[in-house]
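Structural features, examined
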Amino acid sequence: MKNRKILLTEKEIPEKWYNIIHDMPNKPLPPLHPGTKEPIGPEALAPLFPMELIKQEVATEKWIEIPEEVRDAYKLWRPTPMFRAYELEKMLDTPAKIYYKYEGVSPSGSHKPNTAIAQAYYNRQEGVKRITTETGAGQWGSALSFACQHFGIECEVYMVKISYNQKPYRKIMMNTWGAKVYASPTNLTEAGRKILAEAPDSPGSLGIAISEAVERAATDDNTKYALGSVLNHVLMHQTVIGQEAVIQMEKAGDLPDIVVAPFGGGSNFAGISFPFLRLNLEEGKNIRCIASEPASCPKLTRGVFRYDFGDTVGMTPLLPMYTLGHTFVPAPIHAGGLRYHGAGVVVSQLLKDKLIEAVAHDQVECFDAGVKFARAEGIIPAPETNHAIATAIREAEKCKEEGVGRTILIHLCGHGHFDLGAYENYFSGNLEKHEITSEEIEAALARIDTPVIE
Ligand SMILES: *Cc1c(COP(=O)(O)O)cnc(C)c1O
């Protein structure tokens, strides 16, 4: 009988995180001070992050030991299963072999606890009492709330007001894990008060919520800040996914030709793909790693590679990345986790060097793909995840046209149980296509006034 699932034991949870920077032919360029535009060192991050995470942010060694307590917490849901998508293959009538690695089995329903647990651990080790963060759709806020509860740290989440009102269940999840959740902009910070004075009815934005969370951490000695994507250490923590997947593919007696993952800031893409890219860099394998982004926020496929701010206001260091400009406001698509103007530094450099690829999909194509997947395989994917499924279906159809049976690995990074409103919109035909015109992209890029990379 054929196996659908490829499972690992708890002993097979990775013991180290993989730091791809060690193997990159071109290392990432340094961050620049927002005022002087001079390179800054890691000490600039000290008010916001614990020392161990700052060290990891600038680490160049290839492997970093995962602390025993972190591995022990990972056992609550790791190793995660890999499935062979027999039903989807049948539905698509494709000669392609399709696999998916499922991170939706984590307590908060996505890959995000892989880094939340690690970050909460190092904060507790260094005596931090409270962690602040921002959340848009709520995936990151819930992962961090769970992780802080696990390690006995207070968690304070600034949730974009419009999401706070539209997604009450995400908020209740965070409350259940003991977090305080505020609808941002709030009256608790200078940044929030300033916005409210100008616009009392402001729906909030991720940029505003970041400003509030950072301000709280910067002005209180017992409080630090945590970010759920983009930064080097966050991407590295996620490599437990791909390391497991490499072993699972071996057990299945296969090697993927294509690895595909959705792309917001780059953490789940990095998590699944970096351990496969290691095989390309070390052993000369030729695995295509494809990042799937929304056509309405196409920083990888239509943005530029240059220095830009990580936030909307322009407070963070300048980072070398693919960007649409920090003032770019993406359309309100349902894949909230992919509505970010820039890409993580490491992933950006890899794309620049053509070691990875990127494609963009409209949200209607993504929901078509997600519903097909749910009807074939049972799992209802997160709207973000649907982007990777759309790419995989395109590739499987290409296999059919060409009569070639390639092996495709999809990163099923989260379930969509809190996103059923988006599916409802899709079924009622109210899902908008958000084609962005070349003029809009040019206008967004023309607004960037930060240093160009030669
Ligand atoms: C947060 C999130 C994303 C986007 O963030 P990345 O850092 O690019 O992974 C994608 N999918 C899901 C399910 C998420 O929760």
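Sequence order as written defines the numbering, with residues in each chain counted from 1. Selection of residues for local features in this predicted model requires a pLDDT of at least 70, selection of side-chain atom pairs for listing and counting requires 80 or more, and totals for whole chains, interfaces and linings are taken over all residues. Remark: hydrogens and water are excluded; side-chain values derive from all non-hydrogen atoms of the structure.

A closer look at the site of the ligand
For clarity, the cut-off: We define proximity as follows: a residue is near a molecule or strand when any one of its heavy atoms falls within 4 Å of that partner. Pairs of N or O atoms are called polar contacts if they sit within 3.5 Å, as long as, within protein, a hydrogen donor faces a hydrogen acceptor (for residues adjacent in sequence, only side-chain-to-side-chain pairs). Using a 1.4 Å probe, accessible areas were evaluated by the Shrake-Rupley method; residue-level cover was limited to the displayed protein chains. Throughout this entry, Asp, Glu, Lys and Arg are counted as charged residues, while Ala, Val, Leu, Ile, Met, Phe, Trp, Tyr, Cys and Pro are counted as nonpolar. The remaining residues, Gly among them, count as polar.
Around the ligand, 16 residues are found, and the nearest of them are Lys112, Ser229, Gly264, Ser267 and Asn268. The backbone of Gly264 places a nitrogen or oxygen atom 2.7 Å from an oxygen atom of the ligand. Contact with the protein chains hides 97% of the accessible area of the ligand, taken as 380 Å² for the molecule alone. The class makeup of the residues in the shell around the ligand is three nonpolar, eleven polar and two charged.

Some details on the sheet that holds strand 4 (residues 82–84)
Our working definition: Two strands are counted as paired when DSSP detects at least two bridges linking them. Numbering goes from the N terminus for both helices and strands, where a helix is a DSSP run of H or I of at least four residues and a strand is a run of E of at least two. What makes two residues a contact is simply this: any of their non-hydrogen atoms within 4.5 Å. Between N-to-C directions, angles span 0 to 180 degrees; the directions come from axes that are lines fitted to C-alpha atoms, helices contributing only their stretch in contact.
Within the open sheet, the seven strands sit side by side as 1-4-5-15-10-11-14. Their pairing is mixed. Because the sheet does not close on itself, it has two edges, and the strands there are strand 1 (5–6) and strand 14 (357–361). Each of strand 1, strand 4, strand 5 (97–102) and strand 15 (407–412) is contacted by helix 11 (residues 239–251), which is oriented at about 140° to strand 5, the strand it contacts most.

A short note on empty space enclosed by the protein
Test applied: Detection works on a 1 Å grid of protein atoms alone, calling trapped sets that fit a 1.4 Å probe cavities and calling open sets with protein on both sides within 12 Å along at least five of seven lines pockets, with lining residues defined by an atom within 4 Å of a point. Grid points are joined across faces, edges and corners, and a volume is the space filled by probe spheres set on the points.
Evaluated as defined, the whole model comprises three cavities of 30 Å³ or more. Approximately 50 Å³ is the volume found for the largest cavity. Forming the walls of the largest cavity are Tyr18, Asn19, Ile20, Ile21, Asn232, Leu235, Met236, Phe274 and Val346. Top element by residues in the lining of the largest cavity is helix 10 (residues 232–237). It accounts for three residues.

Things to note about the nonpolar core
Inclusion rule: Joining through side-chain atoms within 4.5 Å is the link that ties buried Ala, Val, Leu, Ile, Met, Phe, Trp, Tyr and Cys residues into a set, and such a set is a nonpolar core. Under the scheme applied here, a residue whose accessible area is under 20% of the maximum for its type counts as buried, over 50% as exposed, and between as partly exposed, the area being computed with a 1.4 Å probe on protein chains only.
Residues Trp17, Tyr74, Ile117, Phe274, Phe276 and Leu409 are the most contacted members of the largest nonpolar core, which totals 77 residues. If near-sequence neighbours (up to four positions away) are discounted, Leu409 is found in contact with Met82, Tyr99, Tyr100, Lys101, Ala245, Met249, Pro256, Ile258, Val259, Val260, Ile272 and Phe276. Counting residues in each nonpolar core, the second largest holds 26 residues, with Leu92, Ala388, Ala392 and Ile393 among its members.

Digging into the pattern of salt bridges
What counts, and what does not: The term salt bridge refers to a pairing of a side-chain nitrogen on Lys or Arg with a carboxyl oxygen on Asp or Glu at a separation within 4 Å.
Taken as a whole and judged by the stated rule, the model has 28 salt bridges. Between Asp23 and Lys62 there is a salt bridge whose closest N-O contact spans 3.1 Å. Here Asp23, found in the loop between strand 2 (16–18) and helix 1 (51–57), pairs with Lys62, found in the loop between helix 1 and strand 3 (63–65); they are 39 residues apart in sequence, far enough to count as distant. Residue Asp23 shares its accessibility class with Lys62, and that shared class is buried. Between Arg130 and Glu156 there is a salt bridge whose closest N-O contact spans 3.9 Å. Within this pair, whereas Arg130 is found in strand 6 (residues 130–135), its partner Glu156 is found in strand 7 (residues 154–160), the two being separated by 26 residues in sequence.

A look at the packing of aromatic side chains
For clarity, the cut-off: Between 30 and 60 degrees the pair is tilted, below 30 it is stacked and above 60 it is edge-to-face, where a pair is any two Phe, Tyr or Trp rings, Trp via its six-membered ring, whose centres lie within 6.5 Å.
By the definition in use, this model includes 15 aromatic pairs. Here the aromatic rings of Tyr121 and Tyr122 are separated by 5.2 Å at their centres, their planes lie at 75°, and the arrangement is edge-to-face. With relative accessibility at 7%, the residue Tyr122 sits in the buried group. For the pair Phe367 and Tyr423, a centre-to-centre distance of 5.1 Å together with 75° between the ring planes defines the contact as edge-to-face. Of the two residues, Phe367 is situated in helix 15 (residues 363–377) and Tyr423 in helix 17 (residues 420–427); the sequence distance between them amounts to 56 residues. Residue Phe367 shares its accessibility class with Tyr423, and that shared class is buried.

The quantities given are spatial measurements derived from coordinates; they are silent on function.
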